[in-house]
Each structure stands twice: as C-alpha cells, then as structure tokens.
Amino acid sequence: MGVPFEALIPYGIIVGMFGVTGVGLTAVKWLGNEGKKARWNRDLWDRQSM
C-alpha cells in the first residue's frame, strides 16, 4: 500500500519554505553588500580601515 500524495503536501511546503528563506537571506546579503558577494574571511587590512 502506497502513501497517499496528500500526506506529502506538508513536507513539500516545508521544503519550499526552506528554499524561499535561503533565497531571501542570500538576496538580503547581496543587497546589503552593494551587489557584491558576501565575504567571509576579512583580513587585517579590512578590519583596520573601519
């Protein structure tokens, strides 16, 4: 006996919301960094210029 597809709809919604959240966070980081990729390891030169 198989699983009715209606039982999988909530899992699809949850996975979809994780995807939407990931895309949203990436977009916010990109917009907050003037359209450049987010930087992870800032070196000493970047830290002293603030």
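Numbers given to residues run from 1 along each chain, matching the order in which its sequence is written. It should be noted that, the model being predicted, local features are given only for residues of pLDDT at least 70 and side-chain atom pairs only at 80 or more, the latter also being counted only at that level, while totals for whole chains, interfaces and linings use all residues. Values shown for side chains rest on all heavy atoms present in the structure; no hydrogens or waters enter the calculation.

The name given to the protein in an unreviewed UniProt entry is NADH dehydrogenase [ubiquinone] 1 alpha subcomplex subunit 1, with Aspergillus bombycis as the source organism. In its Sequence similarities (unreviewed entry) section, the UniProt record describing the protein reads: "Belongs to the complex I NDUFA1 subunit family." UniProt positions are given in the numbering used here, feature names are shortened, and annotations may be inferred rather than shown by experiment.

Topic: helix H1 (residues 9-32)
In DSSP terms, a helix is any run of H or I states spanning at least four residues, a strand is any run of E spanning at least two, and both are numbered starting from the N terminus. Any helix carries an expected span of 1.5 Å times its number of residues minus one. Given a rise of 1.5 Å per residue, 24 residues ought to cover 34 Å, and the 34 Å separating the end C-alpha atoms of H1 matches this to within 8%. Phi turns positive, to about 55 degrees, at Glu 34, one or two residues after H1.

Points about the UniProt feature "transmembrane region" (unreviewed entry) in the protein
As recorded in UniProt, the feature "transmembrane region" (unreviewed entry) lies at residues 12-32. The span residues 12-32 carries 100% helix and 0% strand; its end-to-end C-alpha distance comes to 30 Å.

So, the pattern of salt bridges
Put simply, a salt bridge is a Lys or Arg side-chain nitrogen that is within 4 Å of an Asp or Glu carboxyl oxygen. Scanning the entire structure with this criterion turns up one salt bridge. The residue Lys 36 makes a salt bridge to Glu 34 at a minimum N-O spacing of 3.6 Å.

Thoughts on a nonpolar patch on the surface
Together, Val 3, Leu 8, Tyr 11, Ile 14 and Phe 18 line one region of the surface with nonpolar side chains, adding up to about 600 Å² of accessible area. Residue placement: Ile 14 occurs in helix H1. Residues form patches when they are more than 30% accessible in relative terms and have no salt bridge. Like charges link within 9 Å. Nonpolar side chains (Val, Leu, Ile, Met, Phe, Trp, Tyr) link within 5 Å. Only the protein chains shown count as cover for residues, with accessible areas throughout obtained via the Shrake-Rupley method and a probe of 1.4 Å.

Some points on unusual backbone geometry
Phi angles above zero are rare outside glycine, and Glu 34 is one such case at about 55 degrees. Mapping Glu 34 onto the fold places it in the loop between H1 and helix H2 (44-48).

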